[in-house]
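# Structural characterization, general
Listed here are the chains, written in short residue letters.
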Amino acid sequence: MIRIVEVKKVFNAGKPNEFAAIQGISLNLEDQKATVLKGPSGSGKTTLLSLIGCMARPTGGRIWLQEREITSLPERFLTEIRRKTFGFVFQQPNLIKGLTALENALLPAYPLGEPYGDIKKRGLRLFDLLDIGPKAQSKVEWLSGGEAQRVTIARALINDPAIIIADEPTAHLDTTRSREFMDILGRLKGEGKTLILSSHDPLVFESPVVDRVIQVRDGRIESETE
Amino acid sequence: MGARIERQKNILDYTLAALLRRKRKNAVLVLVYTLIVFLLASVVFFSRSLQREAADLLQGAPEMIVQRQVAGRHELIPLAYLEKIKKIRGVQAARGRLWGYYYDPVVGANYTLLVPESREVAPGTMAVGEGLARLRLSAVGDDIEFRTHDGSLKELKIARIFPAELGLVSSDLVLVAEEDFRGLFGMPRELVTDLAVQVRNPKELPTIAYKIAEALPDTRQILREEILRTYDAVFNWRGGILIAILSGSVLAFILLAWDKASGMSMEERREIGVLKAIGWETADVIQMKCWEGLAISLTAFLPGVLLAYAHVALTSAGLFEPVLKGWAVLYPHFSIKPYLDVSQVAALFFLAVVPYTVATIIPSWRAAIVDPDAVMR
């Protein structure tokens, strides 16, 4: 369970261009459910995701991950939580050019100190599960949009995280690829993963995979549907 | 412990894969880097080898030489001075030496003529250096004419030629008998070129030199250690001159390396952002950059040093010979034994590897401390 209490995030505080992206959001996110944060651009979805995923600290409020309060932890601990608990699928694939698809997917596991052979085996298994096995040794710049998206999913799953965070995951996919992506998420949810997504794509928030849709606007929760 | 090693191995693995992406750019950098290390290491190895060669040579030289001076110039010294020197406590032996230079107008070269201590050369004959024999196209049994001090000609037969390995010492050397030497230069029997003094306890050398100066005020005392120091100074100076000449290219390289190492492209910054977002710590990124710096500088350092060693060992530093060894008509053909000095290699290592590696770390640290959510925005 993730518990968010009165969380605020202000950018450029005290400067003329000060901007409050999140203005006091309280929310409980249950385990093994799929939640979508829905709202227009600039509504604060991505900021909220980055706060939940320990990528940034809130300006005010608290966030609990299970029983652990994470907002006041030093960077080292946040990184530790980030790489073991969360898997990220970004709006852009954010793959590192020049490396192969498999090398990209293995990157989050490198600093954990597991033997390379074990990580590679796990990576290849994920590639097979995501139907991109033959692309493992291809350079990422040769991949199609859909293939790149799957590589990012493999990368998000390499450390077997409990929670998958996906920010506008279908923004650059056509309808077929978007449906395939939601099917993959459905499978992951079936395996017990918690999914937290942001999107304004009906293919995502109307998908049967999704349990809960939270409407965000101007950094506040506007409404909620289950 | 195992996990730590695996972690470093994985990070190194990524670093190498990342470096191989920019093969051409990195290859050019390594090539220029290698060339600079090669030039610097060649100068250092070569000057050091010459210093050692000179030091080895001087091991056989007398501990002290006493020369007479008139108006600040070296003059022939009377053998009678020997008696005064031998009376000084601590002096083990003293003897007169006969040596000088002869200009051979046929080939335009200067020879060093010397009467050996062992008096092994029979009158009318001589032993010559390989360089002289080469220059005069002569072999054992051939006669060479010398013009004496009064204009007459004197023929000496070559009884022996020194092997080329002794080139540095013997290339221009001519060993002759005492009477031939005196006859050639018209030197009176009671005079010699200088005196060689041997002492019982080397620690007493400065004291004995002082006493000789007191007893024979018109002489100067030259200690072997002083000659060694002079050699060191000369070769260090020559090495320094060469490094000063090379400093332009070294500086250009430092600028290039600094720019490459410290100037981080947008692409590299983005990559660091991605790594941070997917769970790399700032320390992981810095370690990765550290490996990168080490990989590049070591790849350049090792071949650079090995090539420099080969350059000195196999070609006697053919590129720098004229500057470092000096010049002469009768130039010794000799190969230098390179001496590998650990402290010198360590100094080169610290000059070549450490600055580059450090230069790569600072900008990556600056890039790595940004919030990982930058990638999401």
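Keep in mind that what you see is a predicted model, and the values were worked out from it rather than measured.

Parameters and conventions
- Residues numbered from 1 in each chain as written.
- Chains lettered and ligands numbered in written order.
- Predicted model: local features only at pLDDT ≥ 70, side-chain atom pairs only at ≥ 80, totals over all residues.
- Heavy atoms only, no water.
- Salt bridge = Lys/Arg side-chain N within 4 Å of Asp/Glu carboxyl O.
- Helix = DSSP H or I, 4+ residues; strand = E, 2+ residues; numbered from the N terminus.
- Buried < 20%, exposed > 50% of the residue type's maximum accessible area, 1.4 Å probe, protein only.
- Pairing = 2+ DSSP bridges.
- Phe/Tyr/Trp six-rings, centres within 6.5 Å; stacked < 30°, edge-to-face > 60°.
- Polar contact = N/O pair within 3.5 Å; in protein donor to acceptor, adjacent residues only side chain to side chain.
- Contact = heavy atoms within 4.5 Å.
- Buried area = accessible area lost by both parts, 1.4 Å probe.
- Nonpolar A, V, L, I, M, F, W, Y, C, P; charged D, E, K, R; others polar.
- Patch = residues over 30% accessible without salt bridge, like charges linked within 9 Å, V, L, I, M, F, W, Y side chains within 5 Å.
- Areas by Shrake-Rupley, 256 points an atom, 1.4 Å probe, with all protein chains shown as cover.
- Axes fitted to C-alpha atoms, helices over the stretch in contact; angles between N-to-C directions.

### Points about the pattern of salt bridges
- Inspection of every chain in the model, using the stated rule, returns 28 salt bridges over all chains.
- In this structure, the salt-bridge partner of B:D104 is B:R136, at a minimum N-O distance of 2.6 Å. Taken together, the residues span a long stretch of sequence, with B:D104 in strand β5 (residues 99–104) and B:R136 in the loop between α4 (130–135) and β8 (143–147) at a distance of 32 residues.
- With a closest N to O distance of 3.7 Å, B:E178 and B:R189 form a salt bridge. With B:E178 in helix α6 (residues 178–185) and B:R189 in the loop between α6 and β11 (191–192), this pair connects stretches of sequence that are eleven residues apart.
- Overall, B:R189 belongs to the exposed group, its relative accessible area being 57%.
- What emerges from the salt-bridge pattern is a single network uniting A:E80, A:R83, A:K84, B:R7, B:E281 and B:D284.

### Overview of the pairing of β5(B)
All names here are of chain B.
- Bridging between β5 and strand β6 (residues 109–114) involves six bridges; their strand directions are antiparallel. What sits directly across from Y101, in β6, is T112.
- As consecutive antiparallel partners, β5 and β6 are separated by four residues, and within that stretch G108 has a phi angle of approximately 70°, a positive value.

### As for helix α1 (residues 45–52) of chain A
Residues and elements named next belong to chain A.
- The element α1 is largely enclosed, with a buried count of seven among its eight residues.
- For α1, every residue scored as buried is listed here: K45, T47, L48, L49, S50, L51 and I52.
- One or two steps after α1, the chain reaches C54, where phi turns positive at roughly 60°.

### Digging into the packing of aromatic side chains
All names here are of chain B.
- One pass over the structure, following the stated rule, counts eleven aromatic pairs over all chains.
- When the centroid spacing of 5.0 Å and the interplanar angle of 65° are considered together, the rings of F181 and F185 count as edge-to-face. Of the two residues, F181 and F185 are both situated in helix α6; the distance of four residues between them amounts to about one turn of the helix.
- On the basis of relative accessibility, which here comes to 26%, the residue F185 falls in the partly exposed class.

### Topic: the side chain of A:R212
All names here are of chain A.
- Residue position: R212 is located in strand β9 (residues 212–217).
- The class of R212 is buried, set by a relative accessible area of 12%.
- From its side chain, R212 meets the backbone oxygen of N28 in a polar contact 2.6 Å long.
- Beyond its immediate chain neighbours, meaning those up to four positions away, R212 contacts L27, N28, L29, A34, T35, V36, E224, T225 and E226.

### Considering the interface of chain A and chain B
- On the side of chain B, 28 residues touch chain A, which itself brings 31 residues to the contact.
- Of the roughly 2,700 Å² buried where chain A meets chain B, counting both sides, 60% is carbon and sulfur surface.
- Three residues stand out in chain A for area buried against chain B, namely A:M55, A:I96 and A:Y110, and they jointly supply 21% of the buried area on that side.
- Where chain A meets chain B, there are three salt bridges.
- Note that A:E75 is salt-bridged to B:K276, the shortest N-O span being 3.3 Å.
- The tally of links between chain A and chain B comes to 13 residue pairs in polar contact (both at pLDDT 80 or more).
- Of all the elements in the fold, those that place two or more residues in the side of chain A that touches chain B are α1, α2 (75–85) and α4 (116–129) of chain A.
- With five residues, the top contributor of residues to the side of chain A that touches chain B is α2(A).
- Per-class residue counts for the side of chain A that touches chain B are 16 nonpolar, six polar and nine charged.

### Side note on a nonpolar patch on the surface
Residue and element names in this part refer to chain B.
- On the surface, F350, V354, V358 and I362 cluster together to form a nonpolar patch covering roughly 330 Å² of accessible area.
- By residue number, the principal contributor to the nonpolar patch is helix α13 (residues 354–368), which donates three residues.
- Inspection of the secondary structure assignment puts F350 in helix α12 (residues 342–352).
- Note on F350: relative accessible area 53%, which makes it exposed.

### Side note on the sheet that holds β8(B)
All names here are of chain B.
- Taken together, the six strands give an open sheet; going across it, the order is β5-β6-β10-β7-β9-β8, and neighbouring strands pair in mixed fashion. Each edge of the sheet is formed by a strand with only one pairing partner; in this case those strands are β5 and β8. On average, each strand axis in the sheet is inclined to that of its neighbour by 35°, with strand direction left out of account.
- Sheet topology places strand β7 (residues 125–128) next to strand β10 (residues 173–176); three bridges connect them, and they run antiparallel. Pairing of A127 across the sheet is with L175, part of β10.
- Helix-sheet contacts for α6 involve β5, β6, β7, β8, β9 (153–161) and β10, and the interaxial angle to β5 is about 55°.

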